[in-house]
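Chain by chain, the residues run as shown.
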Amino acid sequence: MRVVARRLALSPAVLSVAGALALTTLVMIAAGVDPSLAYPALARGALMDGNLEYTIATYVPTLGMALAFAIPLRAGEFNLGGDGQLSLGGIAAAALALHAGGSFVVPLLGAAMAGALLAGLSAPLRTRLGVPAIVSTLLLGAPAVALASYLARFPLAEPGTGLAQTPLLPDAARLAGLGSSAYVTIALPVIAVLTALWLYADARTVPGYEIRAIGANREFARYGGVRVDRLAAVTLAAGGALAGLTGGLIVLGPPYRFVDGALTAPGYTFTAIAAVLLAAGRPPAIPATVALMTILQAGGQGMERDAGVPSQLTQIVQGLIIVIVAVAAVVRARLAGRRG
């Protein structure tokens, strides 16, 4: 137990968080803010005073977007088009709920397909034209967000309001809440099950092993008979499907409509990427790092209200964590190179 505790304490994730919090504490002191008031206010703003329900509701889409980034990352592909896939999935779910009728199943499947198709476009761009996925997914994301915005403002807009939003979705298409919760819906167990399935597939199946082999050494995996291009395309499409599905889960939950900008404004994609990087891409650690990032994000308002600290400070913490993780990775790579 002592050895495990020591390894955990010296892990890159723990050291990165500790370093970021230390630097943030210095910034607070320099600005004349008492850290002993700010940090408890952050915890209360995320976990107490009736805010836990909102934090859990924020955790669900953040974890979904973390999976959308982490799945392709295992194959060495960077999916930076999460906002576009999220928005396209959300507007597809809204359109199907309004015009196809029925339960939430068809809208969610349509949302996943929309995200998968958008992310899947990056695969032929990489294999045929040599455009890296990190570039193509990012570039394809902006038009997708614009398309979703256009559809919400014109063809699918709620008549007579002038607002960039769709009408309220039919009751049959809405996700049921868990218990008496006003924010937490069945989206929570859906994302939990998908996370568990991915963790199992990644660690215990042949495709999971082959995907990890691609991420470790693409040419060696190709030499070993792995269909590299096909599996890379599958991971990109799977990541896009998770992002699209997440958009659908958001739209089919409160407030039960697609509101232009409501899916991208909270910064789910950025927070999710930070969480995956903090976990160093290790799947079992991702739910925990997503929880940490969600607490930072959700607790910012409480810190601002109770301690007078701007909520943007939590974004600074997230940015510092990413910087420290990146610097640590570069240092480890250089040390490994010198030893080799």
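Residues numbered from 1 in each chain as written. Predicted model: local features only at pLDDT ≥ 70, side-chain atom pairs only at ≥ 80, totals over all residues. Heavy atoms only, no water.

Trainee: Report on the nonpolar core, specifying residues and quantitative values.
Mentor: Counting 64 residues, the largest nonpolar core has Phe-258, Ile-286 and Ile-321 as the members making the most contacts within it. Looking at which element gives the most residues to this core, the answer is helix H4 (residues 52-73), with eleven residues. With residues near it in sequence (within four places) discarded, Phe-258 still touches Ser-87, Gly-90, Ile-91, Ala-94, Ala-148, Ala-152, Ala-164, Gln-165, Thr-166, Val-251 and Leu-263. The next biggest cluster of nonpolar side chains, apart from the first, holds seven residues, and it includes Ala-75, Val-226, Val-228 and Leu-231. (Core = buried A, V, L, I, M, F, W, Y, C linked by side-chain atoms within 4.5 Å. Buried < 20%, exposed > 50% of the residue type's maximum accessible area, 1.4 Å probe, protein only. Helix = DSSP H or I, 4+ residues; strand = E, 2+ residues; numbered from the N terminus. Contact = heavy atoms within 4.5 Å.)

Trainee: Lay out helix H12 (residues 228-251) with the relevant residues and their values.
Mentor: With 24 residues, H12 extends 35 Å from end C-alpha to end C-alpha; this agrees with the ideal 34 Å at 1.5 Å per step. The element H12 is extensively covered by neighbouring structure, given that 17 of its 24 residues are classed as buried. (Expected span 1.5 Å × (residues − 1).)

Trainee: I'd like a rundown of the pattern of salt bridges, residues and numbers included.
Mentor: Overall, the coordinates contain seven salt bridges when judged by the stated rule. One salt bridge in this structure joins Arg-74 and Asp-202, with 3.0 Å as the shortest N-O distance. Taken together, the residues Arg-74 in the loop between H4 and helix H5 (82-99) and Asp-202 in helix H9 (residues 187-204) connect sequence positions 128 residues apart. Of the charged contacts in the structure, one is a salt bridge between Asp-171 and Arg-174, with a shortest N-O distance of 3.3 Å. Here the salt bridges share partners, and the residues they tie into one network are Glu-77, Arg-126 and Arg-218. (Salt bridge = Lys/Arg side-chain N within 4 Å of Asp/Glu carboxyl O.)

Trainee: If you had to explain a nonpolar patch on the surface to someone new, which residues and values would you point to?
Mentor: Nonpolar side chains collect at one region of the surface, where Phe-78, Ile-134, Val-135 and Leu-139 lie side by side and expose about 330 Å² of accessible area between them. We classify Phe-78 as partly exposed; its relative accessible area is 34%. (Patch = residues over 30% accessible without salt bridge, like charges linked within 9 Å, V, L, I, M, F, W, Y side chains within 5 Å. Areas by Shrake-Rupley, 256 points an atom, 1.4 Å probe, with all protein chains shown as cover.)

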